[in-house]
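# Analysis of the macromolecular model
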Amino acid sequence: MGTMGDTTRRGGRGARERILAAAARLFADQGIAGTGMEQVAEAAPVSKRTLYAHFRSRDELAIAYLQALASSGNTMEGVLIREDLSPRERILRLFDQPTPDTPSVRGCPFIDAAAEFPDPKNPIHAYAREQKLRMVQLVTDLVTELGCSEPAALAEQLVTLADGAASRAMVLNQADYGQHARAAAKTLLEQALTPPSRR
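Residues numbered from 1 in each chain as written. Predicted model: local features only at pLDDT ≥ 70, side-chain atom pairs only at ≥ 80, totals over all residues. Heavy atoms only, no water.

Okay, the overall build of the chain next. Summing up its helical and strand segments, the chain has nine helices and zero strands in all. The secondary structure elements of the chain, listed N-terminal to C-terminal, are α-α-α-α-α-α-α-α-α. Put simply, the chain has 199 residues, and 38% of those count as buried. In the structure as shown, the chain presents an accessible area of about 11500 Å², 52% of it carried by carbon and sulfur atoms. (Helix = DSSP H or I, 4+ residues; strand = E, 2+ residues; numbered from the N terminus. Buried < 20%, exposed > 50% of the residue type's maximum accessible area, 1.4 Å probe, protein only. Areas by Shrake-Rupley, 256 points an atom, 1.4 Å probe, with all protein chains shown as cover.)

Written as structure tokens, this is what we have:
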């Protein structure tokens, strides 16, 4: 026969998922800083005691939310590990129009989180930075595979374009804004991968 603790843990898994789902909706709609733990508890719905049993603070909840996003494959970075696409196509897909689930266009959640918590020592900012460094490493690996002689520099240029396009698409609420950056990315790739003798 299971103990009371076993029952709590089994029930707790469903509660944790509900909390993360509620937090994801609220963070996306009103930002992390603009969301209180009471709001999350009400939206989940769970008691505040249950909420704090799973997440001791909003920072801890926010990092769990960002971790779930990172592992979902549904962020810009997710396309970079798709094995069904060629390295070049993975890079260019960074600039594709997103499939929005709401009328508004959202930028990169990691950039948004870092902007809300600008102190580099803040754990949310630190995690966001980690993900953006991971993004540039993934692009570096892809352009290396394509034969680029200076992969680190090209990768930085490409991710700067991708992040800038995502931010402008959000500010302008223009989902297809990435087409402009995609054209620039194609030019960068062509120049970097064309031997000097053929330029």
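With that settled, the discussion passes to the UniProt feature "DNA-binding region" (unreviewed entry) in the chain. The UniProt record marks residues 36-55 with the feature "DNA-binding region" (unreviewed entry), using the residue numbering of this structure. In residues 36-55, helix accounts for 70% and strand for 0%; the two terminal C-alpha atoms are 13 Å from one another. (UniProt positions renumbered as here; feature names shortened; annotations may be inferred.)

Here the focus is the pattern of salt bridges. For the structure on display, the rule yields eight salt bridges. Note that E77 is salt-bridged to K132, the shortest N-O span being 2.9 Å. Of this pair, E77 sits in the loop between helix 4 (58-72) and helix 5 (87-93) while K132 sits in helix 7 (residues 123-145), placing them 55 residues apart in sequence. Since its relative accessible area comes to 16%, K132 is described here as buried. Its salt-bridge partner being D96, residue R182 comes within 2.8 Å of it at the nearest N-O pair. With R182 in helix 9 (residues 178-193) and D96 in the loop between helix 5 and helix 6 (109-116), this pair connects stretches of sequence that are 86 residues apart. Among the charged side chains, a salt-bridge network with shared partners connects E89, R93, D96 and R182. (Salt bridge = Lys/Arg side-chain N within 4 Å of Asp/Glu carboxyl O.)

The phi torsion of most residues other than glycine is negative, and most of the peptide bonds are trans. Residue P45 is reached from A44 by a cis peptide bond, and omega for that bond is -20 degrees. Here P45 is to be found in the loop between helix 2 (37-43) and helix 3 (48-54).

What follows concerns the side chain of D163. Tracing the sequence through the fold places D163 in helix 8 (residues 151-172). Not counting residues up to four positions away in its chain, the partners in contact with D163 are M76, I111, K132 and M135. (Contact = heavy atoms within 4.5 Å.)

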